[in-house]
Amino acid sequence: MGNSKIYSKIIYTTSPENELNQWIDKYEKGKVFIATEENVAQLWMPQFNSFLDKHFIRKVVVTSGEKNKKLNSVAEIWEFLSKNGADRKSLLINLGGGMLTDLAGFAASTFKRGIDFLNIPTTLLSQVDASVGGKTGINFNGLKNEIGTFKEPVAVIINSRFLQTIDPENFLSGFAEMIKHGLIKSPAHLEELENFNLKKIDYQNLQEIIRHSVEVKEYFVGHDPTEKNIRKALNFGHTVGHAFESFGMGQKNQALHGYNVAWGMIVELYLSVKECGLNEKECTKITNWLLSIYGKMNIEKDDFERLYELMTHDKKNEAGRINFTLLPEIGRIEINQHCNKELIFDALEYFRTIQ
């Protein structure tokens, strides 16, 4: 496949309105629509309203929150598009976090067998992760992203200004995915993240760092768009992270996605030392850094069996074996690694007792 530009155009800008103008001009007047979510509508719509009126862009606002990432919300967007005369040559602009871009992207990719859509992600997690790679989806029957499509947006507009309104926890949730990108591909990116001042965020500098992070994801997606092979690199920290996430849901004590990924990375760094020969000092240094940012989830020995069982449900497993992406060294990955149950329990014990 090579690193061909099969995916959307990613635009880094300080003035999203100017960039949008150029895209809107490609479509017939009245055939451009916008989907957003309540929280974002309250924060950003007042600034966008006159722009929308000028271009005759009608909007649909869906309820915020992961629990609304479901078929009813998709139907709401389909109905809105249908009532307002959208056709196959229309454009849907999706303004919001990863939940909204996943959901509205799915609605656009299935309406009249697929209309163009453009994403403007408003959280760090959606800028560095959800907006790249062409995955759309909704939750179904209690399972995350169970229904979805691979469909690229025509463009993704990234502006770090949107991040000034997100709370520190959500910022750190996205930052964990950036750390993952550094670990799997780019020691230089990892270093700039280690030097980044999380207490006093420089948003201008951040835009450039986001670009470096997105380039890592683009590399893997470009080489393997449908996750048959090397794109599995992006799952580092996620096999255990998703188990922590589901476990937390069951305990009604759920941390944000990025926190679970950070904890998953700690466990999988330990597995990398034991299974792939990752340098132990490197592992300790990164683990301490992750703990200083994310703290850790309290787990007991009695929870290991349940966590292990949750890992066996991971979508990326094959032939009944738990599939890990591990690191032989920082910036290099080994996909399709299998660890036995005893080693996984050792790694969970390491996590449980680490200070």
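Keep in mind the model is a prediction, meaning the values are calculated, not measured.

About the cut-offs
Residues numbered from 1 in each chain as written. Predicted model: local features only at pLDDT ≥ 70, side-chain atom pairs only at ≥ 80, totals over all residues. Heavy atoms only, no water. Helix = DSSP H or I, 4+ residues; strand = E, 2+ residues; numbered from the N terminus. Rg over C-alpha atoms; globule rule 2.2 N^0.38 Å. Buried < 20%, exposed > 50% of the residue type's maximum accessible area, 1.4 Å probe, protein only. Core = buried A, V, L, I, M, F, W, Y, C linked by side-chain atoms within 4.5 Å. Contact = heavy atoms within 4.5 Å. Pairing = 2+ DSSP bridges. Right-handed = clockwise from strand over helix to strand, strands pointing away. Axes fitted to C-alpha atoms, helices over the stretch in contact; angles between N-to-C directions. Expected span 1.5 Å × (residues − 1). Polar contact = N/O pair within 3.5 Å; in protein donor to acceptor, adjacent residues only side chain to side chain.

**Brief notes about the overall build of the protein**
- A count of helical and extended segments in the protein gives 13 helices and ten strands.
- On C-alpha atoms alone, the protein measures out to a radius of gyration of 20 Å, which is about the 20 Å that the 2.2 N^0.38 rule sets for 355 residues.
- Principal-axis analysis of the C-alpha atoms places the extent of the protein at approximately 60 × 40 × 40 Å.
- Going through the 355 residues of the protein one by one, you find that 56% of them count as buried.

**What about the nonpolar core?**
- Among the nonpolar cores identified, the biggest contains 75 residues, and F175, I179, I210, F244 and Y294 are the most heavily contacted of them.
- Sort the elements by how many residues they give to this core and helix α10 (residues 257-276) lands first, with twelve residues.
- Residue contacts for I210: discarding those within four places in its chain leaves Y12, L124, Q127, V128, I158, S160, L163 and M178.
- I24, I34, W44 and F48 belong to the second largest nonpolar core, which has 23 residues in total.

**Concerning the pairing of strand β2 (residues 32-37)**
- Most of β2 is tucked away, with six of its six residues classed as buried.
- Sheet topology places β2 next to strand β3 (residues 58-62); five bridges connect them, and they run parallel. Each bridged residue has a counterpart across the sheet, and for A35 the counterpart in β3 is V60.
- Note that the unit made of β2, helix α2 (residues 38-54) and β3 has a crossover that is right-handed.

**Observations regarding the sheet that holds strand β8 (residues 155-158)**
- On the basis of which strands lie adjacent, the open sheet formed by six strands has the order β1-β8-β5-β4-β2-β3 and parallel pairing. If you trace the sheet from one side to the other, it starts and ends with β1 (9-12) and β3, each paired once. Strand-to-strand, the axes of this sheet are offset by a mean angle of 20 degrees, without reference to chain direction.
- As paired elements, β1 and β8 share four bridges and run parallel to each other.

**What to know about helix α11 (residues 280-294)**
- Taking 1.5 Å as the rise per residue, α11 with 15 residues should run 21 Å; its terminal C-alpha atoms sit 21 Å apart, in good agreement.
- Packed against the buried residues of α11 are α6 (168-185), α7 (187-194), α10 and α13 (341-353).
- Capping the start of α11 is the job of one residue whose side-chain oxygen sits 2.7 Å from the backbone nitrogen of K281: N279.
- Looking one or two residues past α11, G295 carries a phi angle of roughly 60 degrees, positive in sign.

Taken by themselves, the reported measurements are silent on function.
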